[in-house]
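# Summary of the model geometry
The primary structure of each chain is shown beneath.
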Amino acid sequence: LKTWLPLLKTEPAVVFTYRHPLEVAMSLEKREDDFDLEHGLRIWIAYNMRAVQNMAGLCRVLSSNEAVLANPLEEVQRISDELTSKCHVPAPPTNITQTIVEKFIDPKLQHNKNKREADMGTHKVLVKHGEGCEVRDYDSQHEVGTMHHERESKMYLKAMKVYCDLKSGDAYKEGYEWPSLQ
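Residues numbered from 1 in each chain as written. Predicted model: local features only at pLDDT ≥ 70, side-chain atom pairs only at ≥ 80, totals over all residues. Heavy atoms only, no water.

### Some remarks on the state of the cysteines
Inspection of the entire model under this criterion finds two disulfides. Bridging Cys59 to Cys87, the disulfide has an S-S length of 2.0 Å. Between Cys59 and Cys87, the disulfide has an S-S torsion of -80 degrees and is therefore left-handed. You can see Cys59 sitting in strand β2 (residues 59–64) and its partner Cys87 sitting in helix α4 (residues 72–87), a full 28 residues away along the chain. Covalently, Cys133 is tied to Cys164 through a disulfide, its sulfur atoms 2.0 Å apart. Since a negative S-S torsion denotes a left-handed disulfide, the Cys133-Cys164 link at about -75 degrees is left-handed. Of this pair, Cys133 sits in strand β4 (residues 133–136) while Cys164 is found in helix α7 (residues 147–168), placing the two residues 31 residues apart along the sequence. (Disulfide = S-S within 2.5 Å. Helix = DSSP H or I, 4+ residues; strand = E, 2+ residues; numbered from the N terminus.)

### Some details on the pairing of strand β1 (residues 13–18)
Across the two faces of β1 the burial differs, with Val14, Phe16 and Tyr18 buried and Ala13, Val15 and Thr17 not buried at all. The pairing of β1 with β2 spans six bridges and is parallel. Counted as the bridge partner of Val15 is Val61 from β2. (Buried < 20%, exposed > 50% of the residue type's maximum accessible area, 1.4 Å probe, protein only. Pairing = 2+ DSSP bridges.)

### Here's the deal with the nonpolar core
Soluble globular proteins tend to pack their nonpolar side chains together in the buried interior. Membership of the largest hydrophobic core comes to 32 residues, with the highest contact counts inside it found for Phe16, Trp44 and Leu166. At the level of elements, β1, α1 (21–31), α2 (37–54), β4 and α7 are the ones that each hand at least two residues to this core. Ranked by residues supplied to this core, first place goes to α7 with eight residues. The contacts of Phe16, once residues within four sequence positions are left out, are Asn48, Ala51, Val52, Met55, Val61, Leu62, Ser63, Leu166 and Tyr172. Counting six residues, the second largest nonpolar core, distinct from the first, contains Val68, Val76, Ile96 and Ile105. (Core = buried A, V, L, I, M, F, W, Y, C linked by side-chain atoms within 4.5 Å. Contact = heavy atoms within 4.5 Å.)

### Re the side chain of Ser63
With respect to the helices, strands and loops of the structure, Ser63 is situated in strand β2. Within the structure, Ser63 has its side chain in polar contact with the side chain of Glu75 (distance 2.6 Å). If near-sequence neighbours (up to four positions away) are discounted, Ser63 is found in contact with Phe16, Thr17, Tyr18, Val68, Glu75, Arg78 and Ile79. (Polar contact = N/O pair within 3.5 Å; in protein donor to acceptor, adjacent residues only side chain to side chain.)

Here's what the structure looks like:
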């Protein structure tokens, strides 16, 4: 993004949305051969870190996959309104309707979100970050006590700390300390 900024006549506005790291890692693991959860979690951290770092100083509107799926029309309208009021992006030429939103948001495609939410009641809380951001245990394909399980668990906890910091807004603050990807 920083490469393109000097070539633009106006500064862009950024809409940034993030998704639960476990959902992303599970999706990648399911889609790709020989792709493990640890790698997916590492990629999730790296992509979100780069996105936040690259949009620093730009007008940005923040959202989450969770907020979009909870009430698609309301959240898309909020994003549109904030782009107009905060970032001075021209308003859409027509009102945003449920029909328009349904063309690009389909909650039924969120298989890993549904599985993760169903598992929430059976998994213990490992740690809490900030106000109400609970990090729950998860199902690993690796046996507890193995090196693979240990590395995956450490990356999961790092990813969840970032996720909680994205939710609270801490990850967008100047000087935020991103975790090591090792």
